[in-house]
Amino acid sequence: MTPHIEAKENEIADIVIMPGDPLRAEYIAQNYLENYKLVNKVRNVFAYTGFYKNRMVTIMASGMGMPSMGIYAYELFKFYNVDSIIRVGSCGAYSETINLGEIVLVDEAYTDSSFARVYDNSDISIEKPSLELNERILATICNKNCKVGKIYSTDVFYRNVDINKLYKVEGCLGEEMESFALFHIAKSLNKKAACLLTVSDNLKTHQSLSSVERQNSFKQMIEIALDSIV
Ligand code: HPA
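Residues numbered from 1 in each chain as written. Predicted model: local features only at pLDDT ≥ 70, side-chain atom pairs only at ≥ 80, totals over all residues. Heavy atoms only, no water.

Engineer: Looking at this structure, I do not really get the environment of methionine 18. What am I missing?
Structural biologist: Residue placement: methionine 18 occurs in strand β1 (residues 15-18). For methionine 18 and serine 84, which are 66 residues apart along the polypeptide, the C-alpha to C-alpha distance reads 10 Å. (Helix = DSSP H or I, 4+ residues; strand = E, 2+ residues; numbered from the N terminus.)

Engineer: Mind showing me how you'd approach the nonpolar core here?
Structural biologist: The tendency in soluble globular proteins is for nonpolar side chains to be buried side by side. Within the largest apolar cluster, 39 residues are counted, with the highest numbers of intra-cluster contacts made by Ile12, Met60, Leu76, Val82, Ile85 and Leu182. When residues of this core are traced back to their parent elements, those giving at least two are β1, α2 (66-79), β5 (84-93), β6 (103-110), α3 (115-120), α6 (179-188) and β10 (192-202). Sequence-distant contacts of isoleucine 12, that is, excluding residues within four places in its chain, are made with Ala7, Val39, Thr49, Thr58, Leu76, Tyr80 and Val82. In this structure, Ile28, Val88, Leu105 and Ile229 belong to the second largest nonpolar core, which totals 29 residues. (Core = buried A, V, L, I, M, F, W, Y, C linked by side-chain atoms within 4.5 Å. Buried < 20%, exposed > 50% of the residue type's maximum accessible area, 1.4 Å probe, protein only. Contact = heavy atoms within 4.5 Å.)

Engineer: What am I meant to see in the site of the ligand here?
Structural biologist: Inspection of the region around the ligand gives Ser90, Cys91, Gly92, Phe157, Glu175, Glu176, Met177, Ser200, Asp201 and Leu203 as its neighbouring residues. Glycine 92 places a main-chain nitrogen or oxygen 3.2 Å from a nitrogen atom of the ligand. Contact between the ligand and aspartate 201: a nitrogen atom at 3.1 Å from a side-chain N or O atom of the residue. Burial of the ligand by the protein amounts to 89% of the accessible area it has alone, namely 260 Å². (Near = heavy atom within 4 Å. Polar contact = N/O pair within 3.5 Å; in protein donor to acceptor, adjacent residues only side chain to side chain. Areas by Shrake-Rupley, 256 points an atom, 1.4 Å probe, with all protein chains shown as cover.)

Engineer: How should unusual backbone geometry be read in this particular structure?
Structural biologist: Of all residues except glycine, most have a negative phi; of all peptide bonds, most are trans. A positive phi angle, near 65 degrees, is found at asparagine 121, a position not held by glycine. Among the structural elements, asparagine 121 can be located in the loop between α3 and β7 (126-127). Backbone geometry places asparagine 190, a non-glycine residue, at a positive phi of 60 degrees. Within the secondary structure, asparagine 190 is located in the loop between α6 and β10.

Engineer: How do you make sense of the pattern of salt bridges when you look at a structure like this?
Structural biologist: Between side chains of opposite charge, a pair can form when the charged atoms approach closely. Under the definition given, this model contains 14 salt bridges. Close ionic contact of lysine 192 with aspartate 83 constitutes a salt bridge, the shortest N to O distance being 2.9 Å. Highlighted residues: lysine 192 in strand β10 and aspartate 83 in the loop between α2 and β5, separated in sequence by 109 residues. A salt bridge links lysine 128 to glutamate 108; the nearest nitrogen and oxygen atoms lie 3.4 Å apart. Within this pair, whereas lysine 128 is found in the loop between β7 and α4 (131-141), its partner glutamate 108 is found in strand β6, the two being separated by 20 residues in sequence. Within the structure, one salt-bridge network assembled from shared partners comprises Asp83, Glu132, Arg136 and Lys192. (Salt bridge = Lys/Arg side-chain N within 4 Å of Asp/Glu carboxyl O.)

Engineer: Help me understand the pairing of β6 in this model?
Structural biologist: Regular strands place side chains that alternate from one sheet face to the opposite one. Counted residue by residue, β6 has 6 buried out of 8 residues, so it is predominantly covered. In the sheet, β6 pairs with strand β8 (residues 146-153) via 7 bridges, with the strands oriented parallel. When the sheet's bridge partners are listed, leucine 105 is paired in β8 with valine 148. As paired strands, β6 and β10 are joined by 3 bridges and run antiparallel to one another. Bridging from a neighbouring strand, valine 104 pairs with leucine 197 of β10. For β6 and β7, the ladder comprises 2 bridges, and the chain directions are antiparallel. In the strand pairing of β7, tyrosine 110 is matched with isoleucine 126. (Pairing = 2+ DSSP bridges.)

Engineer: Would you take a moment to explain the packing of helix α1 (residues 22-32) against helix α7 (residues 211-227) for this structure?
Structural biologist: Each pair of packed helices can be described by the angle between their axes along with the distance between the axes. Relative orientation of the contacting elements α1 and α7 amounts to 65 degrees, with a least axis distance of 12 Å. Taken together, α1 and α7 sit at an angle that is classed as roughly perpendicular. The two elements α1 and α7 meet at a crossing, and its hand is right-handed. Of the residues in α7, those in contact with Arg24, Tyr27, Ile28 and Tyr32 of α1 are Arg214, Gln215, Phe218, Lys219, Ile222, Glu223 and Leu226. (Axes fitted to C-alpha atoms, helices over the stretch in contact; angles between N-to-C directions. Parallel < 35°, antiparallel > 145°, perpendicular 65-115°, else oblique. Left-handed = near helix turned anticlockwise from the far one by under 90°.)

Engineer: Is there a simple way to explain the environment of glycine 65 in this structure?
Structural biologist: As for its placement among the helices and strands, glycine 65 is situated in the loop between β4 (55-60) and α2. Leaving out residues up to four positions away in the same chain, glycine 65 has contacts with Met177 and Glu178.

Rendered as structure tokens:
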């Protein structure tokens with residue numbers, strides 16, 4: 001039990017699949033897990049532990065943004081026996097060459113957030129996921145449509161976005177709001193993290209997925225994440 005998680009120590013698996021939205025966590029548990037149990041509902045940040053193809057796994061929401069991700073990733077790694085967290089989220093793309101619904105495996109997270117400086121006085125702007133997890137995910141993806149690349153983890157959703165700087169100068173495919181914090185905390189505690197994203201909107205073309213399309217691409221991403229851990 002921690003300030004934000006009421007689960008007992010043995011009620012959380014060593015691998016956690018982490019969507020941002022608690023209702024997504026519920027959807028994954030209901031549709032993919034067997035013998036699952038709700039183990040956290042503090043602040044409605046639902047966590048379910050059950051079995052996928054006989055592999056024990058916990059599905060738990062992170063909430064939105066690095067402050068929220070920072071709380072849950074830290075408590076899971078530090079106070080439970082969690083070894084790996086795979087985030088499954090969405091992102092906004094910066095180029096018309098990146099299709100809506102496409103899946104992105106993050107190989108670098110860039111940020112201008114103060115997260116790492118405040119967390120442990122690190123003066124860094126790029127964090128990487130676990131190579132081992134990424135290799136397992138890539139092996140699972142096989143030849144499904146997927147991009148591997150760098151994303152920008154922003155602290156601010158509503159702002160004037162300079163797409164050209166982030167895309168051309170920093171080399172980011174798009175943006176989300178949690179990966180840098182997840183990767184930084186994992187590294188600091190000697191744990192593993194990875195991140196799969198579906199492109200839910202395009203900041204260049206101003207298009208976004210319909211709710212049906214969003215659900216379908218989300219399903220494909222979840223299946224990749226789950227199959228990569230069995
Ligand atoms: N910005 C930040 N986070 C996001 C976006 C975005 O455009 N789309 C999905 N998550």
